[in-house]
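# Residue-level structure breakdown
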Amino acid sequence: MELRGTPSQDGFYFPAEFAPQEQVWLAWPERPDNWRDHAKPAQHAFVQVATAISQHTKVCVAVSTNQYLNATLLLPEAVEVVEMPLNDAWMRDIGPTVVINAQGERRGISWQFNAWGGEVDGLYVPWDDDDAVAVRICDHLNMDYYRAPFVLEGGAIHTDGEGTLYTTEECLLSAGRNPHLSKAGIEACLADYLSISQVIWLPDGLFNDETNGHIDNLLHVIAPGEVVLSWCDDPNDPQYDISRRALAVLENSTDAKGRPIRVHRLPIPGPLYLSETEAAGIAPSDGMKREAGERLGGSYANFLMCNQKVFLPLLDSARDQQAIDILQAALPDYEIIGVPTREVLLGGGNIHCITQQIPTVNNI
């Protein structure tokens with residue numbers, strides 16, 4: 001049921017990703033203008049991600065009518081396949097952001113979705129099915145929801161669950177999202193819907209991130225007052241300056257509880273590029289740039305934290321183990337589970353982008 005008012009008015013807040021989760025949702029890829037070779041390689045990668053998570057936590061996958069049988073045959077029996085219309089497969093951005101309260105209740109938020117920029121610089125048209133996914137999932141879960149009056153994607157925000165929200169100016173202040181809102185107006189909206197009291201604005205997202213710089217490709221909150229930051233030591237790489245500007249903001253900020261922010265530097269893979277073979281398998285598109293030689297937005301920060309596990313994209317054999325070691329040292333109580341996901345990266349994101357968690361609450 002759609003609710004009036006806002007989560008903040010009703011005592012609900014946005015929990016951290018490291019809080020307990022009941023289930024994780026994905027969506028099934030099939031767009032030929034985003035996923036090469038009719039999405040078959042991408043589907044295999046999504047199956048690997050879903051399988052890895054499902055060995056520890058319930059997984060649900062939203063699938064279009066055309067792909068329902070195919071997905072059912074490819075996914076393990078433990079995964080729940082839910083039929084619903086989709087435009088693409090970025091569940092972090094189209095699924096509900098779920099808020100909880102102290103009484104053990106949860107509610108969903110359906111943000112307005114316009115394919116990362118609408119008529120200004122959106123990546124595909126139409127996007128109406130994706131815009132309806134959050135509500136459909138809430139209905140499937142028999143969960144009340146709020147319909148937010150502004151554009152936002154789940155990948156654009158990270159929280160510590162204690163009042164601090166991290167995002168980028170490049171994304172939330174982009175012309176294609178909420179041009180009618182000032183920076184202060186956006187902060188007020190985030191406070192109304194997520195019950196956060198402080199926004200830490202990083203200037204830019206990861207280099208060549210086609211979402212206008214989602215935070216989840218640049219940074220991940222791993223504990224209150226503690227983050228990992230995508231890092232680059234090559235001064236000739238555009239990411240070098242982006243990472244340093246972000247670090248400067250983090251080092252000069254305190255979170256909502258007044259804590260300094262501890263930063264773990266997580267080197268980026270590669271740099272990685274789209275190959276001629278990969279580009280040849282993608283249908284031409286007006287919105288999405290998929291040309292041989294294109295720099296890919298590869299990031300190890302685009303992982304999912306889920307019930308004391310980290311599901312980490314494996315992207316570069318020369319750097320994968322270093323990323324695992326850094327995360328294991330930062331998260332000694334977690335199991336780091338690597339999944340090869342170059343095929344997900346080719347579509348413009350990674351494990352965090354294709355997943356959306358549903359937090360556990362006390363009454364279930």
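Our structure is the block above this text.
Below or above, wherever it landed, is the structure these notes cover. Throughout this description, residue numbers start from 1 for each chain and increase along the sequence as written. pLDDT decides what is reported in this predicted model: residues at 70 or higher carry local features, side-chain atom pairs at 80 or more are listed and counted, and totals for whole chains, interfaces and linings draw on all residues regardless. Only hydrogens and water are set aside; all other atoms, that is, all heavy atoms of the structure, feed into the side-chain values.

## Describing the packing of aromatic side chains
- Ring geometry is summarised as follows: Phe, Tyr and Trp rings, the Trp one being its six-membered ring, pair when their centres sit within 6.5 Å, and such pairs are stacked at plane angles under 30 degrees, edge-to-face over 60 and tilted between the two. Applying the stated criterion across every chain yields a total of 7 aromatic pairs.
- On the basis of an interplanar angle of 90° and a centroid distance of 5.0 Å, the ring pair of F113 and W116 is categorised as edge-to-face. Just as F113 is buried, W116 falls in that class too.
- Both rings, one in F150 and one in Y193, keep their centres 5.7 Å apart while their planes meet at 75°; by these two values the pair is edge-to-face. Separated by 43 residues along the polypeptide, F150 in strand β6 (residues 145-151) and Y193 in helix α7 (residues 183-194) bring together distant segments of the chain.
- Taking relative accessible area as the criterion, F150 reaches 4% and is therefore assigned buried.
- By relative accessible area, Y193 is classed as buried at 8%.
- Counting every residue linked through ring pairs, the aromatic cluster contains W35, F46 and W90.
- Only Lys NZ and Arg CZ are tested; either one counts as a charge over a ring when it is within 6 Å of the ring centre and within 35 degrees of the ring normal. Sitting over the face of the ring of W231, R265 holds its NZ or CZ atom 4.4 Å from the ring centroid. Burial classes follow relative accessibility: with a 1.4 Å probe on protein chains only, a residue under 20% of its type's maximum area counts as buried, one over 50% as exposed, and anything between as partly exposed. Helix and strand definitions here come from DSSP, where helices need a minimum of 4 consecutive H or I residues and strands a minimum of 2 consecutive E residues; each element is numbered from the N-terminal end.

## Considering empty space enclosed by the protein
- With a 1 Å grid spanning the protein atoms alone, the term cavity applies to any set of points in which a 1.4 Å probe fits but cannot get out, the term pocket to an open set with protein on both sides within 12 Å along at least five of seven lines, and the term lining residue to any residue with an atom within 4 Å of a point. Grid points are joined across faces, edges and corners, and a volume is the space filled by probe spheres set on the points. Scanning the entire structure with this criterion turns up 6 cavities of 30 Å³ or more.
- Along the wall of the largest cavity there are 13 residues; nearest its centre are F14, E17, R92, I157 and Q357.
- Residue assignment for the lining of the largest cavity shows that the elements contributing at least two residues are β7 (158-159) and β16 (356-359).
- Gly falls in the polar group here, along with every residue not listed as nonpolar (Ala, Val, Leu, Ile, Met, Phe, Trp, Tyr, Cys, Pro) or charged (Asp, Glu, Lys, Arg). Counted by class, the lining of the largest cavity contains 4 nonpolar, 7 polar and 2 charged residues.

## Section: the nonpolar core
- Among the buried residues, those of types Ala, Val, Leu, Ile, Met, Phe, Trp, Tyr and Cys that are joined through side-chain atoms within 4.5 Å form a nonpolar core. Judged by nonpolar contacts, the single largest core of 54 residues is most densely connected at W25, L26, V61, L75, M84, M91 and F311.
- Counting residues per element, the ones that place at least two in this core are β1 (21-27), α1 (40-54), β2 (58-63), β3 (80-83), α3 (91-94), α5 (128-140), β13 (304-306) and β15 (335-340).
- When residues in this core are grouped by element, the largest group, 8 residues, is from α1.
- Only heavy atoms enter the contact rule, under which two residues are in contact if any of them lie within 4.5 Å. If near-sequence neighbours (up to four positions away) are discounted, M91 is found in contact with W25, L26, A27, A62, V133, I137, C353, I354, T355 and Q356.
- Judged by nonpolar contacts, the second largest core, of 23 residues, contains I109, L152, C189 and L194.

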